[in-house]
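Observations on the model geometry
Each chain is listed here by its residues.
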Amino acid sequence: MKIGIFDSGLGGLLMMRAITAALDQYDYVYLGDTAYLPYGARLNELIYERTQKCIDWLMREQNCVLVIIACNTATIAALRQIQQEWLPAHFPDRRVLGIVVPTLECAVGAKNIGLIGTTATVASKVYEEELRKITPNAKIKSVATPLLVPLIENNGDKYARAILSDYLAPLDDVETLILGCTHYPIYNDLIRELMPHTNIISQDEILPLKLINYLSRHPEIECRLTQNSSQAFYVTDSTQGYINTANKLFDKNVIINKIII
Ligand code: DGL
């Protein structure tokens, strides 16, 4: 059985690249719900419905025993309900993991935390809620950065410095900055250059370690994973620009299959 990695778009490819580099023995299926991108600008009900349908496809058609929602926006809108209601009713012996709590665990120790994310992520206040449970005396200052996902999905890198400088200005006093969207590691270097004295938490750097840790604590899941080092890529819509970016990220010709879900 395989590991599924789900996101609305390129962010999941970044997570797939980081995870497969660290744990290349397993079999992976990436699914990007690109037809409905950007999730960050959509209503929670639609994000839940799409996330649930995509996870169903990964489990039913691709035989995934474990699906990682490599998307903050989808984790926030759908993870709890999927774990508590949908999964027990449909695939009780399989698992779905999200990305928010593992990210916050890496911020423990900081008192003054910054967060950038999609409009949906920031508006939900879920990072604040979860942080209170983990480390109640820390606080988060959040800034929605809605232009970044369209910029990343459309090769808009030349505009990134000006836009990021503006977005990051109110966060110049934070000790730790969480890049709370899986697309944002594309701008890691630039963000570190703009905030040289801030500890930057980038999800591509932490997710592989969290997965290694999870699998070591859950041998009942790990022992069901097949190990043929295969990687398959699916999207619900694709453009040449998307394919070019995927090829650049993986430094090879990635076969991207288009499916209707
Ligand atoms: N990559 C997704 C996240 O981590 C958001 C992208 C989108 O808006 O579709 O939140």
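This section reports on the structure supplied with the text. (Residues numbered from 1 in each chain as written. Predicted model: local features only at pLDDT ≥ 70, side-chain atom pairs only at ≥ 80, totals over all residues. Heavy atoms only, no water.)

Quick notes on the pattern of salt bridges
Per the counting criterion, the structure on display carries 11 salt bridges. Here Lys-53 ties to Glu-49 by a salt bridge, and the two come within 3.4 Å at their closest N and O atoms. In this pair, Lys-53 and Glu-49 are both assigned in helix α2 (residues 44-60), 4 residues apart and thus about one turn of the helix distant. Given the relative accessible area of 38%, Glu-49 is considered partly exposed. The partner of Glu-130 in a salt bridge is Arg-80, with the nearest N and O atoms 3.4 Å apart. With Glu-130 in helix α6 (residues 126-134) and Arg-80 in helix α3 (residues 72-90), the pair connects residues that are 50 residues apart, well separated along the chain. The network of salt bridges with common partners includes Arg-80, Glu-130 and Lys-133. (Salt bridge = Lys/Arg side-chain N within 4 Å of Asp/Glu carboxyl O. Helix = DSSP H or I, 4+ residues; strand = E, 2+ residues; numbered from the N terminus. Buried < 20%, exposed > 50% of the residue type's maximum accessible area, 1.4 Å probe, protein only.)

Observations concerning the site of the ligand
In the region of the ligand, 14 residues are neighbours, and Ser-8, Tyr-39, Gly-40, Thr-73 and His-183 sit closest. Tyr-39 places a main-chain nitrogen or oxygen 2.6 Å from an oxygen atom of the ligand. Protein contact buries 99% of the 300 Å² of open area that the ligand shows by itself. For the shell around the ligand, the per-class residue count stands at 6 nonpolar, 7 polar and 1 charged. (Near = heavy atom within 4 Å. Polar contact = N/O pair within 3.5 Å; in protein donor to acceptor, adjacent residues only side chain to side chain. Areas by Shrake-Rupley, 256 points an atom, 1.4 Å probe, with all protein chains shown as cover. Nonpolar A, V, L, I, M, F, W, Y, C, P; charged D, E, K, R; others polar.)

Some words on the environment of Ser-238
Note that Ser-238 resides in the loop between β9 (231-235) and α12 (240-250). Judged by its relative accessible area of 26%, Ser-238 is partly exposed. Here the alpha-carbon distance between Ser-238 and Gly-9, two residues 229 residues apart in the chain, equals 9.7 Å. Discounting chain neighbours no more than four positions away, the residues touching Ser-238 are Ile-243 and Lys-258. (Contact = heavy atoms within 4.5 Å.)

Digging into the pairing of strand β3 (residues 64-69)
Taken across its 6 residues, β3 has 6 buried, putting it largely inside the fold. The sheet contact formed by strand β1 (residues 2-7) and β3 spans 5 bridges and is parallel. Bridging across to β3, Lys-2 finds its partner in Cys-64. Both β3 and strand β4 (residues 95-97) contribute to a ladder of 3 bridges, which runs parallel. Among the inter-strand pairings, Val-67 is bridged to a residue of β4, identified as Val-96. Crossover handedness for the path β3 to α3 to β4: right-handed. (Pairing = 2+ DSSP bridges. Right-handed = clockwise from strand over helix to strand, strands pointing away.)

Overview of the packing of aromatic side chains
According to the stated counting rule, one finds 5 aromatic pairs in the structure shown. Through a chain of ring-to-ring contacts, three or more aromatic side chains come together here, namely Tyr-30, Phe-233 and Phe-250. (Phe/Tyr/Trp six-rings, centres within 6.5 Å; stacked < 30°, edge-to-face > 60°.)

Considering α12
Looking only at α12, the buried set comprises Tyr-242, Thr-245, Ala-246, Asn-247, Leu-249 and Phe-250. At the exit of α12 stands Asp-251, carrying a positive phi of roughly 55°.

Quick look at the nonpolar core
Leu-13, Ile-116, Leu-177 and Ile-191 are the most contacted members of the largest nonpolar core, which has 55 residues in total. Per-element accounting of this core gives the leading share, 6 residues, to helix α1 (residues 10-22). Ignoring sequence-local partners within four residues, the contact set of Ile-116 consists of Val-143, Thr-145, Leu-168, Leu-171, Leu-177, Ile-178, Leu-179, Gly-180, Cys-181, Tyr-184 and Ile-191. Core analysis: the second largest hydrophobic core is formed by 26 residues, Phe-6, Tyr-48, Phe-91 and Val-96 among them. (Core = buried A, V, L, I, M, F, W, Y, C linked by side-chain atoms within 4.5 Å.)

Observations regarding the layout of surface pockets
Roughly 630 Å³ of volume is contained in the largest pocket. The wall of the largest pocket is formed by 27 residues, among which Leu-79, Gln-83, Gly-98, Val-101 and Pro-102 lie closest to the centre. Secondary structure elements with two or more residues in the lining of the largest pocket: α3, β4, α4 (100-105), α6 and α10 (203-217). Considering each element in turn, the lining of the largest pocket owes the most residues, 9 residues, to α3. One number sums up the size of the second largest pocket: a volume of about 200 Å³. At the level of elements, α1 and α12 are the ones that each hand at least two residues to the lining of the second largest pocket. Residue contributions to the lining of the second largest pocket peak at 5 residues, all from α12. For the lining of the second largest pocket, the per-class residue count stands at 5 nonpolar, 4 polar and 3 charged. (1 Å grid on protein atoms, 1.4 Å probe; cavity = no way out; pocket = protein on both sides within 12 Å on 5 of 7 lines; lining within 4 Å. Points joined across faces, edges and corners; volume = space filled by probe spheres on them.)

A closer look at the sheet that holds strand β6 (residues 139-144)
Hydrogen bonds between backbone groups are what pair the strands of a sheet, and the pairing can be parallel or antiparallel. Overall, parallel pairing links the 4 strands, which are arranged β6-β5-β7-β8 in an open sheet. Strands at the two margins of the open sheet, each flanked by one partner only, are β6 and β8 (199-202). Ignoring which end each strand starts from, the neighbouring axes of this sheet average 20° apart. Relative to β8, strand β7 (residues 176-179) is paired through 4 bridges, and the arrangement is parallel. Paired with Thr-176 across the strands is Asn-199, a residue of β8. Taken strand by strand, α6 contacts β5 (112-117), β6 and β7, and its axis lies near 165° from that of β6. (Axes fitted to C-alpha atoms, helices over the stretch in contact; angles between N-to-C directions.)

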